[in-house]
Structure formats: C-alpha cells, structure tokens
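So the chains spell out like this:
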2 protein chains.
Amino acid sequence: MSNASTTPVRRQAWAALDQHRRHIGDAHMRQMFEDDPNRFERFSLEDCGILLDYSKNRITSETLRLLLDLARGSQVESWRQRMFAGRPINFTEGRAVLHVALRNRSGRSFEVDGQDVMPQVQAVLEQMGRFCEAVRSRRWKGHSGKSIREVVNLGIGGSDLGPAMVCQALKPYADGPRVHFVSNVDGTHITETLKDLDPERTLFIVSSKSFTTQETLANARAARAWLLDRMGDESAIASHFAAVSTHEEAVRDFGIDPANMFEFWDWVGGRFSLWSAIGLSIALSLGMDRFQQLLEGAHRMDEHFRTRPLDRNMPVILALLGVWYRNFLGAASYAVVPYDQYLRRLPAYLQQLDMESNGKRIDRRGCRVKWDTGPVVWGEPGTNGQHAFFQLLHQGSQWVPADFILAARSHNPVGEQHRMLLANGVAQTEALMRGKSEQEVRREMEEQGLDRERLEALLPHRVFPGNRPTNTLLVDRITPETLGALLALYEHKIFVQGIIWDINSFDQWGVELGKQLASTVLEELRGRPAPRQHDGSTRALIDRLRKGFSSS
Amino acid sequence: MSNASTTPVRRQAWAALDQHRRHIGDAHMRQMFEDDPNRFERFSLEDCGILLDYSKNRITSETLRLLLDLARGSQVESWRQRMFAGRPINFTEGRAVLHVALRNRSGRSFEVDGQDVMPQVQAVLEQMGRFCEAVRSRRWKGHSGKSIREVVNLGIGGSDLGPAMVCQALKPYADGPRVHFVSNVDGTHITETLKDLDPERTLFIVSSKSFTTQETLANARAARAWLLDRMGDESAIASHFAAVSTHEEAVRDFGIDPANMFEFWDWVGGRFSLWSAIGLSIALSLGMDRFQQLLEGAHRMDEHFRTRPLDRNMPVILALLGVWYRNFLGAASYAVVPYDQYLRRLPAYLQQLDMESNGKRIDRRGCRVKWDTGPVVWGEPGTNGQHAFFQLLHQGSQWVPADFILAARSHNPVGEQHRMLLANGVAQTEALMRGKSEQEVRREMEEQGLDRERLEALLPHRVFPGNRPTNTLLVDRITPETLGALLALYEHKIFVQGIIWDINSFDQWGVELGKQLASTVLEELRGRPAPRQHDGSTRALIDRLRKGFSSS
C-alpha cells in the first residue's frame with residue numbers, strides 16, 4: 001500500500017498500520033468491550049450538539065495512535081490551515097475552497113487573492129433576506145397580482161441535492177411557500193411537478209452557475225413555456241423567475257430581472273453550495289432566520305474542526321476510521337442509515353458529497369495513486385433498511401461499515417413509535433457488533449425445544465459473526481443547527497480523507513467525457529450523420545433508437 | 001476461491017475461471033470491440049420486450065464459455081426445474097419458492113406437496129378483482145357514505161418496496177384512488193402522510209403476513225386512532241381497513257371484516273410478494289387489468305428463463321456477469337441506473353431483492369462459504385447520477401459495474417428532453433467503456449491551445465481509464481408488461497447467483513437478532529430494569545436516551 005512517490009513519514013505510517021492490521025487481525029469488538037470498561041468514554045466525543053460514539057469500531061488505542069500518525073504525516077493540520085486561509089487547494093483548477101466563508105460568523109475575514117470575501121457573502125445574504133421577506137410576506141406578486149404559494153427549484157447535482165435534502169430534513173420548520181425540486185432532464189420530472197401547480201402562484205429558481213447546464217436549462221425552457229402558455233405575456237417571466245447564477249447576460253436574455261439574480265463564486269464547489277444562494281429555496285421555505293441557524297450550526301462545526309486537536313476532532317476521527325476500513329481492512333463502501341424519515345435523502349446527498357469529491361485516482365504529483373481512494377456511499381432510512389438490506393450487513397460475506405444517525409426527540413411523536421425507532425437503531429448497532437455465537441444460538445434453540453436434527457441443520461444459518469463496525473451520531477433533535485453541524489462534519493471528514501489519499505477532492509473532471517459524447521450521440525439521434533466512430537454496441541443502440549425501438 | 005466442500009466439477013470451473021482472469025487480465029474492451037465487428041450481435045439478447053446489450057462487459061467468448069461451465073457444474077438447470085416443480089428449495093425453512101405460480105398464465109398446474117396451488121391463486125386474484133372494482137367504481141363507501149379517494153398501504157420491507165416502486169413506475173397508468181405508502185416506524189412517516197387526507201375518503205391496507213410486524217402494526221394502530229378520532233365509531237373500521245395477511249383472528253380483532261382479508265402463502269417470500277395480494281395497492285391504483293398485464297410480463301420472463309438454453313437466457317447471462325465481477329474481478333457492489341424518473345425507487349427495490357436474498361455466508365452443507373456472495377446494490381436515476389456519483393464510476397480507484405435501464409419512448413415527451421435523456425444514457429456507457437487516453441486528452445488540449453505547463457499538470461486528471469463495464473437494458477416504453485418482465489429478470493438473476501454461490505437465497509435469518517435485541521432495549525427505554533447486560537457503548541446510549549439527550 002505504500003508508494004514511492006509519497007513522503008517517508010507517510011510511508012512509515014502506512015507500513016505501521018499495515019503491520020498493526022495483521023496484528024489485531026480478527027480481534028472481536030465484543031472482547032474489546034469486555035477488556036475495557038471505559039471503551040465508550042475513550043472512543044466518544046461530543047460537540048456542536050452531536051454525540052459521536054465511535055467505540056463500536058474495530059480499533060484499539062494503538063490503531064487510533066497509528067491513524068493519527070498517518071494524519072500528521074499527511075500534514076492534515078497544515079492543509080486545514082491552507083483551506084481556511086483561502087489558498088488555492090483545488091490545485092487542478094487553481095481555486096480556493098471556501099464554503100466555510102459562507103457560514104462564517106466569527107467576524108474574521110476570509111481572503112482570496114488578498115481580498116476579503118466576507119462583504120460579498122454578506123451582500124448576497126442580505127439580498128436573499130430581502131427577496132425571501134418579499135415572497136414570504138406575500139408582498140411579491142406574480143404577473144396577475146397573486147402572491148406566491150409554490151417555489152420550484154430547477155437545478156441538478158449540487159444545485160439540487162443539497163437544498164432538496166435540507167428542505168425535506170427540516171420540513172417541520174417550513175412555513176413559507178411549498179418547495180419542489182426538478183433536476184432530471186427526463187420530461188417526466190417537470191411534467192409531474194407542474195401537474196398540480198397554479199402558474200399564477202408559482203416562482204421558479206433557475207440554479208446554474210454558468211446558466212448553461214443542459215438539464216437545468218431544458219427544464220427552465222419547459223417551465224418558461226408552461227408559464228407563457230397560461231399567462232400569454234413575456235413580461236410575466238420577470239415576476240415568476242429568479243436565478244442563482246453568475247452569467248448575467250444569459251439570465252437577462254432569459255427574461256429574468258438581474259435584481260433577482262443571486263451570485264456565488266468560483267471558490268464554492270457545486271457539492272458544497274447549499275450554504276450559498278443555492279440555498280435560496282431553503283430560505284424561502286423556512287425563512288432567512290432558520291437558514292442563518294443552519295449556517296450557524298455549520299460554523300460551529302467549522303470552528304470545532306479548525307481548532308480541536310486531531311485526536312479530539314470529530315471530522316478527523318471519522319475520516320481516519322474510514323481510511324482504516326477502506327485501505328487496511330478492504331471495505332469498498334459504507335452505509336449511511338438515518339433513523340429519521342425526514343432524512344431519507346441524506347444518503348443520496350452524501351453520496352454526491354463523498355463520491356464526487358474522492359472518486360479520484362491521480363495524486364498531487366500527477367501520478368496514479370497506488371492505494372484505494374473514495375468508497376461507495378449508499379443507504380436508506382432505518383427502520384426500513386432493517387427489512388431490506390440489513391440481512392447482508394449482518395450475515396453477508398462482505399461487511400459494510402455504517403453510520404447510524406439518531407435523534408433523541410421526534411418532531412412527530414406518535415404513541416410509543418419514537419421509542420421503538422430508537423430501540424431499533426441502538427439494538428442494531430449492538431447486534432452488528434456483538435453478533436450471536438454458535439453457543440448462544442444452540443442454547444436458545446435447545447430452550448425452544450427444537451429437535452436435534454433440525455437444530456443442527458439450522459444452527460450455522462442463525463449464527464451472526466458480529467464484529468461489524470458502526471458509528472452512532474446522536475443528536476437531541478434534527479434542528480437547523482444540528483443539521484448544519486452534521487453536514488459540515490461530513491464535509492470536513494471527506495476533506496481530511498482527500499488529504500490523506502493525496503488527491504484533489506474539489507474538482508470533477510470525471511463528468512466531462514460523458515457530456516462530450518452525449519452531444520455527439522444527441523446529434524445522431526436527431527438524424528444527423530455520425531460525427532465520429534462508435535464501438536459496435538453504441539452504434540447498435542443509436543441505430544435502434546433512431547429507428548424507434550419497436551420497428552425490429 | 002475453490003472450496004473442498006464443493007463438487008469437483010464446480011471446483012474445476014472456478015479454477016479455470018481464475019486462470020482465465022489472469023490470462024485476460026486488463027484487456028481493454030475498446031480493443032475487444034476493435035477486434036470483433038460482431039461483438040454486439042454476439043453479446044446481446046432480445047425477448048419479452050427487453051433488449052439486453054451485454055457487449056460492454058470485460059468478457060470474451062471464452063469467458064462466457066467458462067462461466068456457462070460453472071453454471072452447468074452448479075446444476076443451475078436442475079435447480080431451476082426444482083423451483084418450478086414446487087420443491088422445498090428454501091431448505092432452512094423447508095418451503096417451496098413459487099412466486100412464479102402467482103403469475104402463471106400457462107394453464108399448467110403448480111404443485112406444493114402434491115397439491116395444485118393455482119386454484120387458490122386464482123381465487124385470491126378474483127377476490128382482489130371484486131374488491132378493486134368496488135372501490136374504483138365508487139360502489140364501496142366509507143363509513144359516512146362517501147367513496148374512497150385515497151389508499152394508504154401500511155407495510156414494510158417486501159410489503160412496501162415492491163408495491164410502492166411499481167405504483168411509482170406505472171404512474172402514467174394510474175386512474176384509481178391515489179396511493180400512499182407508510183413503512184417506517186418513525187412517527188413522521190404516518191403523520192406526514194395523513195396530514196392532507198380526508199378520513200371519510202381513505203382506505204388503509206394493513207400488509208403483514210403474520211399481522212404482528214412491529215412497524216406495520218404500530219402504524220396501523222396510529223391510523224386506526226386517527227380514523228376513530230374523526231369518525232367516532234368503532235364500526236367505521238370495517239369500511240376503511242382491509243388486510244393482506246393470513247392471521248384471520250388478529251385481523252378480525254383489529255376490526256377488519258375477514259371478507260376483506262387477502263391471503264398469501266408460505267411459498268411466497270416477502271421480497272417476491274408484489275405479485276400476490278401484497279400488490280393490492282397496485283391493482284387499486286391501476287386497475288386489475290393492468291395488474292394482470294404486470295403478471296403477464298413477469299410470466300413471459302418466467303417462460304424465457306424456464307425454457308431458454310443457458311447461453312441465450314437473460315437472467316443466466318446477467319447472473320454470470322455478476323459472478324465474474326464479484327468473484328473473479330473483485331467488485332463489491334453494482335449500480336442500477338434507470339434513465340427514468342418514474343423508476344427512481346427501482347434501485348431501493350433491487351437492493352432488498354438482491355441483498356436480502358444473497359447476503360448470506362452459509363452454504364447448503366452448513367459450512368461457511370469460502371467465496372464472496374451477494375454484492376451491495378445501489379443507484380439513483382440518470383441523468384441525476386451523472387451530476388453526483390458518476391465521477392467515481394469514471395475515475396475512482398475502484399470500478400463499479402452498472403446496469404443502465406433506458407426506455408425508447410417517454411410517457412411525458414417535453415420538447416427534445418427525452419432525446420437528451422437517451423443521448424446521455426448511451427453516451428455514458430460509451431464513455432465508461434472507451435475512456436479517454438492520455439494521447440486523446442493531450443491532442444484535445446493542444447487544439448484548445450493550452451500552454452505547455454498547464455497542459456502537463458492537467459493531463460493525468462483528465463484521462464479516463466475506461467474499461468468499466470455496463471449492461472444496457474433497453475425497452476420500448478415502461479409498461480406494465482415490460483416492468484413485469486424486468487423485475488422477473490432480476491429475480492431469476494439473483495436465484496441463479498444463489499445457486500452458484502451454493503446458498504439459500506430465500507430465508508432471512510439475519511433480521512432476527514436485531515429484532516430480539518430491540519425488544520430488550522425498548523423495555524429499558526420505557527424505564528424498566530435492564531433484562532440483560534450490554535456492552536459499554538449500548539449501555540451509554542441507552543442511558544443517554546433515558547435521561548433525555550439535553551440533560552448532560
């Protein structure tokens with residue numbers, strides 16, 4: 001796993017961890033808990049409203065010490081400082097990475113190329129505040145004089161997943177217009193969304209930095225046509241569309257008043273942009289005060305990350321555990337299981353955040369990395385997942401580390417259901433860790449009076465190996481602040497892993513080729529001659545689609 | 001990868017594949033397409049309205065030949081026959097596995113223990129038909145004499161994912177009452193769902209075979225209380241509740257008229273049950289005719305699977321490709337990417353179908369398997385995924401095989417959007433396969449006139465290794481028939497893999513331990529004394545939750 005191109009310190013740390021892995025081998029967490037009555041106290045942290053229990057991991061104090069050596073050898077502290085200092089750590093694009101500035105509450109300045117960005121950030125926040133106030137107070141009128149009841153965000157990827165997930169997660173706080181999200185270029189998405197909406201009361205937000213994103217612009221044109229079809233008059237556009245973009249000319253050409261264009265900056269990556277004007281739909285739904293609370297929660301986590309020593313630093317700890325499983329114990333994916341129906345889109349959000357950040361294979365020197373980088377991220381809410389994929393988590397041939405997210409209090413208490421939800425979440429982490437030994441299964445089946453033959457046949461199938469790691473992230477309640485902190489926690493975790501893996505977590509060249517080839521294929525589907533050669537499969541699929549599927 | 005406990009034939013096939021893997025090594029599919037102009041024709045199949053293009057896989061004819069040897073050596077044909085013959089192939093529970101009987105259109109009988117099950121199947125289908133007709137024609141009245149406009153299915157796992165996914169997928173055909181699905185025990189799920197419903201016009205379906213599933217019964221009690229709160233009278237229950245269950249006594253005690261209880265049988269596993277009365281919400285939404293078309297489509301695929309030789313058998317081919325990647329090329333997961341917004345819950349459905357079936361580690365002899373079994377399954381619709389996790393698919397350090405599902409025609413044509421959707425889907429499979437070489441990137445950047453230094457620095461980051469496999473499943477349109485065929489295709493694929501891995505794909509002992517421990521934890525959260533010892537972590541989490549999170 002070590003690599004000649006890396007620093008000697010890091011090489012040493014990798015080698016030490018590799019050896020340690022062989023040493024602790026299959027040591028069982030059950031035993032680790034028996035051996036150490038203080039394991040929970042040793043391996044848990046609390047800050048920013050989050051209790052992180054990481055004691056159900058396949059680690060000892062020695063594991064953590066070696067992982068922290070790796071972090072130090074990878075200069076995590078210095079890179080962290082560079083990020084906060086606005087240095088161009090997105091090195092392929094020569095950009096700073098400053099989403100932390102978007103939620104800065106400290107009064108400190110954040111400089112990019114010697115210029116403080118905070119005045120711009122404040123100005124856009126104020127612009128958002130005025131706009132939200134106008135819409136939410138019903139002062140803002142649609143073209144026919146009616147106020148706005150529905151907001152449709154048109155955006156994809158980072159311009160969709162973040163605000164859609166947050167609006168869902170914080171629905172108990174929603175007191176503004178209803179919000180809808182259309183992302184997919186599939187006409188079904190916009191058609192189904194507009195079906196029940198009244199154009200006179202609908203406001204669209206076109207969220208595309210460049211104002212050229214294919215999917216978003218196609219949907220924006222469809223929305224524009226839908227509106228005009230019912231309102232008749234081009235001048236209606238200005239009362240029913242706003243934009244989050246930097247391309248003023250294109251925004252104006254579309255018919256949007258530049259006063260309702262909200263800017264963000266090239267030091268805000270798409271997948272880190274919900275804290276910027278991309279969060280406008282959040283602010284419209286919850287109000288600007290709650291959007292500010294979301295930023296505040298994230299800021300508290302930024303301060304935690306920036307100031308805590310590595311060994312008491314939640315994002316660092318989560319990152320190191322991920323590295324341990326990914327690089328030393330061979331886990332290809334991890335699961336995120338929120339025990340909260342409102343958080344059901346959190347796994348999809350983190351999927352982008354993590355996989356687009358760390359799905360890379362070239363290091364800072366331009367060499368192919370010799371170690372594994374970003375994992376696959378997936379998940380569904382509990383308790384649903386328990387009745388679906390948990391079988392594999394418990395008894396599959398591969399094990400998958402999982403993050404369990406629990407809130408002590410519900411926004412919707414119904415009888416004893418929240419207690420049942422929590423009991424399930426906690427019990428699953430226990431079951432995954434403990435497992436159930438052959439001896440325990442045998443005793444239980446004997447007590448049930450199963451006959452010998454059936455008992456022996458069933459026995460192996462009812463054994464649980466256990467030793468399957470989980471983190472538990474427990475909050476009091478999902479509020480704007482705790483959600484902000486939780487999301488920032490994952491952002492910084494992913495940052496730390498990118499540093500350790502020596503990759504650029506902030507570009508996304510991997511989306512380029514598909515786009516390029518799609519425009520070629522589109523031309524051909526339009527019936528134009530092939531501008532380039534294809535392989536036999538692509539050729540055949542295009543031909544089939546050109547002919548109409550049924551024809552053959 | 002070979003194992004002494006397995007048959008010699010299979011041992012040989014594994015060894016041959018292992019050697020073959022070393023032989024074809026990193027051979028690039030781009031080259032394979034160049035070498036063979038007939039590769040698409042060789043590696044594609046069409047039946048049941050589905051074109052399966054599997055030519056973009058890392059295989060040669062030799063690979064396939066060896067994989068087919070493995071299938072034969074694993075006696076796939078004989079196991080297939082045993083399934084269709086109603087033999088108890090679910091060997092830990094001693095049950096037949098006969099979801100194929102639920103959609104049998106052949107006039108043939110299906111026997112379990114010498115008895116034809118088809119009369120029962122027909123009887124329940126007829127009962128469903130009468131019930132649907134009554135509700136959909138508005139003859140069925142709620143307690144206050146109003147007809148039903150809303151149906152809420154209360155179920156979890158197999159009693160939820162299947163019908164919820166199908167109702168979503170076939171929404172263009174929905175002409176009955178609106179359908180809603182409540183699964184999670186989290187009170188938020190039922191609270192948010194009931195918010196906008198009128199109890200006088202709402203019908204609940206309690207879907208739980210045993211009528212004891214914790215989550216479902218909790219939600220059913222909540223729904224019952226909500227209804228009674230507004231209707232006052234216990235006798236209202238019978239007009240607003242139906243059940244899919246076999247526990248008549250419990251159903252009656254709940255207040256449901258046994259005439260509105262729909263049965264299914266122990267030879268129908270939960271994750272294969274959407275074809276049974278568990279599909280009642282589908283039939284209510286789409287009408288019984290379309291539900292029958294869904295069954296018809298699945299039946300056509302059953303016949304394909306049952307009668308086609310292994311080398312022209314779609315489920316077998318998909319299964320073998322999965323085995324190739326999982327066991328010989330080390331892929332831990334695969335992605336399902338439907339280019340259709342209506343199919344957005346298909347990945348979650350297949351996640352259960354596959355992971356609960358093949359997330360096992362004990363073979364038929366009761367031994368721990370020595371090879372990898374079921375993969376992790378995950379995915380999101382395209383084009384959305386392209387703006388989220390595709391970065392990792394293209395340039396991550398691990399590669400993930402993916403199934404692309406495309407429909408030539410849309411139910412919602414909007415401008416050119418469907419053509420754009422298809423162009424993207426096809427182009428992504430091309431991009432993943434081809435990649436983009438250093439030479440190609442260099443030429444392109446030179447044409448763009450990038451300066452030398454920047455060019456050299458960027459070059460490696462813009463290279464795509466390619467050789468990343470995909471299957472394309474192309475249908476004319478997502479109809480009840482094609483969806484039925486598609487789902488049956490995956491069911492049989494998973495069955496074949498279970499046979500090759502020598503596991504029982506039809507039990508789910510892995511859900512047991514969590515349930516057991518949850519009831520213990522629940523007692524403690526109620527404030528009762530701990531009935532058993534916990535590890536330090538579980539202990540601390542319970543204590544914290546008992547105290548109320550905020551108190552410390």
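Residues numbered from 1 in each chain as written. Chains lettered and ligands numbered in written order. Predicted model: local features only at pLDDT ≥ 70, side-chain atom pairs only at ≥ 80, totals over all residues. Heavy atoms only, no water.

Undergrad: What is the right way to read the overall build of chain A from this model?
TA: Summing up its helical and strand segments, chain A has 23 helices and 13 strands in all. For 552 residues, the compact-globule formula gives about 24 Å, and the C-alpha radius of gyration of chain A, at 26 Å, lands near that figure. Taking the principal axes of its C-alpha atoms as reference, chain A extends roughly 80 × 60 × 60 Å. Out of the 552 residues in chain A, the part that is buried amounts to 66%. (Helix = DSSP H or I, 4+ residues; strand = E, 2+ residues; numbered from the N terminus. Rg over C-alpha atoms; globule rule 2.2 N^0.38 Å. Buried < 20%, exposed > 50% of the residue type's maximum accessible area, 1.4 Å probe, protein only.)

Undergrad: Can you help me understand the pairing of strand β7 (residues 202-207) of chain B in this one?
TA: Successive residues of a regular strand alternate their side chains across the two faces of the sheet. Residue and element names in this part refer to chain B. Across the 6 residues of β7, 6 count as buried, placing the element largely inside the fold. Relative to β7, strand β5 (residues 150-154) is paired through 5 bridges, and the arrangement is parallel. Note that in β7 the partner of Leu-154 across the bridge is Val-206. For β7 and strand β8 (residues 241-244), the ladder comprises 4 bridges, and the chain directions are parallel. By the bridge assignment for β8, Ile-205 is matched with Ala-242. (Pairing = 2+ DSSP bridges.)

Undergrad: Is there a simple way to explain the sheet that holds strand β6 (residues 178-182) of chain B in this structure?
TA: Hydrogen bonds between backbone atoms are what pair the strands of a sheet, whose relative direction is either parallel or antiparallel. All names here are of chain B. Read across the sheet, 5 strands follow the order β6-β5-β7-β8-β9 without closing on themselves; strand pairing throughout is parallel. The open sheet is flanked by β6 and β9 (261-262), the only strands paired with a single partner. In this sheet, β9 lies alongside β8 in parallel orientation, the contact comprising 2 bridges. Within the sheet, the bridge partner assigned to Val-244 lies in β9 and is Phe-262. Against the sheet, helix α9 (residues 187-194) makes contact with β5, β6 and β7, and its axis sits at roughly 160° relative to β6, the strand it touches most. Against the sheet, helix α10 (residues 214-231) touches β5, β6, β7 and β8, its axis set at about 160° to β7. (Contact = heavy atoms within 4.5 Å. Axes fitted to C-alpha atoms, helices over the stretch in contact; angles between N-to-C directions.)

Undergrad: What is the right way to look at the nonpolar core in this model?
TA: Of all hydrophobic cores here, the largest spans 336 residues; its most connected members are Met-128, Trp-267 and Trp-378 of chain A together with Met-128, Trp-267 and Trp-378 of chain B. The contact partners of Met-128 of chain B, leaving out residues within four places of it in the chain, are Phe-262, Ser-276, Ala-277, Gly-279, Leu-280, Ala-283, Met-288 and Phe-291 of chain B. (Core = buried A, V, L, I, M, F, W, Y, C linked by side-chain atoms within 4.5 Å.)

Undergrad: Quick question: what am I supposed to make of the sheet that holds strand β7 (residues 202-207) of chain A here?
TA: Residues and elements named next belong to chain A. In spatial order, the strands read β6-β5-β7-β8-β9; together these 5 strands make up an open sheet with parallel pairing. Among the strands making up the open sheet, the edge pair consists of β6 (178-182) and β9 (261-262). As judged from the 5 bridges shared by strand β5 (residues 150-154) and β6, these two strands associate in the parallel manner. By the bridge assignment for β6, Glu-150 is matched with Arg-178. Packed on one face of the sheet, helix α9 (residues 187-194) meets β5, β6 and β7 and runs near 160° to β6.

Undergrad: Just checking my understanding: could you explain the packing of aromatic side chains for this structure?
TA: In the structure shown here, the tally under the stated rule is 42 aromatic pairs over all chains. Ring centres of Phe-272 of chain A and Phe-506 of chain A lie 5.7 Å apart, and the angle between their planes is 45°; on these two criteria the pair is classed as tilted. A residue pair is termed long-range when its members are at least 10 positions apart, and Phe-272 of chain A in the loop between β9 and α13 (280-286) and Phe-506 of chain A in the loop between α21 (480-501) and α22 (512-525) qualify at 234 residues. Clustering of aromatic rings is evident, with ring pairs tying together Phe-84, Phe-110, Phe-272, Phe-305, Phe-495 and Phe-506 of chain A. Taking the ring centre of Trp-275 of chain A as reference, the NZ or CZ of Arg-103 of chain A above it sits at 4.5 Å. A cation over a ring is seen here: Arg-224 of chain B above Phe-254 of chain B, with NZ or CZ 5.2 Å from the ring centre. (Phe/Tyr/Trp six-rings, centres within 6.5 Å; stacked < 30°, edge-to-face > 60°. Lys NZ or Arg CZ within 6 Å of the ring centre and 35° of its normal.)

Undergrad: Is there a simple way to think about the side chain of Gln-341 of chain B in this case?
TA: Inspection of the secondary structure puts Gln-341 of chain B in the loop between β10 (333-338) and α16 (346-358). Accessibility expressed as a relative area gives 5% for Gln-341 of chain B, which makes it buried. A polar contact of 2.9 Å, which involves the side chain of Gln-341 of chain B, links it to the side chain of Asn-184 of chain A. Discounting residues that sit within four places of it in the chain, Gln-341 of chain B has contacts with Asn-184, Asp-186, Thr-188 and His-189 of chain A together with Pro-381 and Asn-384 of chain B. (Polar contact = N/O pair within 3.5 Å; in protein donor to acceptor, adjacent residues only side chain to side chain.)

Undergrad: Is there a simple way to think about α22 of chain A in this case?
TA: Each α-helix winds once per 3.6 residues, and so residues spaced three or four apart point in a common direction. An ideal rise of 1.5 Å per residue puts 20 Å on 14 residues; α22 of chain A measures up with 20 Å between its terminal C-alpha atoms. Buried within α22 of chain A we find Leu-513, Gly-514, Leu-517, Ala-518, Thr-520, Val-521, Leu-522, Glu-524 and Leu-525 of chain A. Buried residues along α22 of chain A sit in contact with α10 (214-231) and α23 (536-547) of chain A together with α18 (417-434) of chain B. Where α22 of chain A ends, the next residue or the one after it, Gly-527 of chain A, has phi of about 95°, a positive value. (Expected span 1.5 Å × (residues − 1).)

Taken by themselves, the reported measurements are silent on function.
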